[in-house]
Amino acid sequence: MTHILLVEDDPAIAMSLKVTCKRENWKITWLDNASSVLPMLYSNEAQDLSAIILDVGLPDGDGLSLCQQIRHTPDIGTLRDVPVVFLTARSDEVDRILGLEMGGDDYCAKPFSPRELVARLKAIWRREQLLYEQTAAHTTATDNATDDTSLSPSTSTVSSHNMSGQALTFKCQSGIWHYQPLNYSLKWQQQKLELSNTERKILLTLLQAPNQVFSREQLLNAVSDYPDHRLARTIDSHVKSIRKQLATIDPSIDVIHTHRGLGYALCPA
């Protein structure tokens, strides 16, 4: 069953979302403060979590900082990568950009329709699955072209919103990459990358077509079903973060190329 963690201090909003989630046959756990979130994520109850709906303005903390803390807490394992949708009364573009840069996957501005929020969650899961399938198709095509059995995908089981579950291995000029959707693990040069959801999606999109230059708008479309193109510049921040992490593994390789005025491309195959 789909399990949603709702962190919202307004009982009226919480009740409305609980009713909507019940209609979807989703389980929802409601917390009304920030301090209870990490203990919940450490508990057994969180193991089947599918997404977090997180209010930005909580009485005992900042939802943005809490999201960043979740993304950088290794002890909670794959829950670090659970999609996060922000609820915010702030309409400022700067606040929305900050939320996405701190690890959020999407946002809903208050007042909002609970049905819209449900649609946004489904879109995130659908995008995850589509991105996986596209990456798997590219890997299969590469494997057939090279006839290299060492690059053949292996099979494993997978959790709720990644339905296929094949582990993908593919080769670029920059080295060998491995992706395991079971635990959202993306490795380069045998080293696991600690990526946000958005950063992982950007890399997987680039890996699908190593010779293609992707504009900021194309990358934004690839990671969101509801892209706000005024926020396209957030892609630059995510790419900068990815590059910083790749450089800690091998600073001698320029994995992501900037094409001025055009966008980004992976090191050619």
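Residues numbered from 1 in each chain as written. Predicted model: local features only at pLDDT ≥ 70, side-chain atom pairs only at ≥ 80, totals over all residues. Heavy atoms only, no water.

Overview of the pairing of strand E8 (residues 168-172)
Summarising burial for E8: 4 of the 5 residues are buried, a large majority. Two strands pair when backbone bridges link them, and E8 and strand E9 (residues 175-180) are joined in this way by 5 bridges, in the antiparallel orientation. Considered in E9, the bridge of Lys171 is made with Ile176. From the end of E8 to the start of E9, which pair antiparallel, there are 2 residues. (Buried < 20%, exposed > 50% of the residue type's maximum accessible area, 1.4 Å probe, protein only. Helix = DSSP H or I, 4+ residues; strand = E, 2+ residues; numbered from the N terminus. Pairing = 2+ DSSP bridges.)

Focus: the sheet that holds strand E11 (residues 191-192)
Reading across from one edge, E8-E9-E10-E11 is the order of the 4 strands in this open sheet, with antiparallel pairing throughout. Pairing within the sheet leaves two strands with one partner each, and these edge strands are E8 and E11. As judged from the 4 bridges shared by E9 and strand E10 (residues 185-188), these two strands associate in the antiparallel manner. Residue Tyr179 lies in a different strand from E10, and its bridge partner there is Leu186. Together, E8, E9 and E10 form the strand contacts of helix H6 (residues 197-208), whose direction differs from that of E9 by roughly 125 degrees. (Contact = heavy atoms within 4.5 Å. Axes fitted to C-alpha atoms, helices over the stretch in contact; angles between N-to-C directions.)

Quick word on empty space enclosed by the protein
Counted by the stated rule, this structure contains 3 cavities of 30 Å³ or more. Every residue lining the second largest cavity is listed: Val56, Leu64, Phe86, Thr88, Arg90, Asp95, Arg96, Gly99, Leu100, Asp106 and Tyr107. The element that contributes the greatest number of residues to the lining of the second largest cavity is helix H4 (residues 93-101), accounting for 4 residues. Classifying every residue of the lining of the second largest cavity gives 5 nonpolar, 2 polar and 4 charged. (1 Å grid on protein atoms, 1.4 Å probe; cavity = no way out; pocket = protein on both sides within 12 Å on 5 of 7 lines; lining within 4 Å. Points joined across faces, edges and corners; volume = space filled by probe spheres on them. Nonpolar A, V, L, I, M, F, W, Y, C, P; charged D, E, K, R; others polar.)

Section: the layout of surface pockets
Estimates place the volume of the largest pocket at around 400 Å³. Together, 24 residues line the largest pocket, and His72, Leu195, Ser196, Glu199 and Ser241 are the ones closest to its centre. Sorting the residues of the lining of the largest pocket by element identifies helix H3 (63-71), H4, E10, H6 and helix H8 (234-249) as the ones contributing at least two each. Among the elements that line the lining of the largest pocket, the one with the most residues is H8, at 4 residues. Looking at the lining of the largest pocket, its residues break down into 6 nonpolar, 10 polar and 8 charged.

So, the nonpolar core
Counting 29 residues, the largest nonpolar core has Trp177, Leu186, Leu193, Leu203, Ile256 and Leu266 as the members making the most contacts within it. Residue assignment for this core shows that the elements contributing at least two residues are E8, E9, E10, H6, helix H7 (216-223), H8 and strand E13 (263-266). Among the elements that take part in this core, H6 stands out by supplying 5 residues, more than any other. Not counting chain neighbours up to four residues away, the residues in contact with Leu266 comprise Cys172, Leu203, Leu206, Leu207, Pro210, Val255, Ile256 and His257. Judged by nonpolar contacts, the second largest core, of 25 residues, contains Leu38, Ala46, Val82 and Val84. (Core = buried A, V, L, I, M, F, W, Y, C linked by side-chain atoms within 4.5 Å.)

Describing the environment of Ser113
As for its placement among the helices and strands, Ser113 is situated in the loop between strand E7 (106-109) and helix H5 (114-146). Given the relative accessible area of 33%, Ser113 is considered partly exposed. Along the sequence, Ser113 and Ser16 sit 97 residues apart, while their C-alpha atoms lie 9.4 Å from each other.

Quick notes on H7
Residues Leu219, Leu220, Ala222 and Val223 constitute the buried set of H7. Down the axis, H7 shows its buried residues gathered within 160 degrees of arc, on one side only. (Arc of directions from axis to C-beta.)

Thoughts on the pattern of salt bridges
Counting across every chain of the model gives 9 salt bridges. Among the salt bridges present, the one from Glu24 reaches Lys122, with a minimum N-O distance of 2.9 Å. Of this pair, Glu24 sits in the loop between helix H1 (11-23) and strand E2 (27-31) while Lys122 sits in helix H5, and the two are 98 residues apart along the sequence. Note on Lys122: relative accessible area 35%, which makes it partly exposed. Between Asp105 and Lys201 there is a salt bridge; the shortest N-O distance is 3.8 Å. (Salt bridge = Lys/Arg side-chain N within 4 Å of Asp/Glu carboxyl O.)

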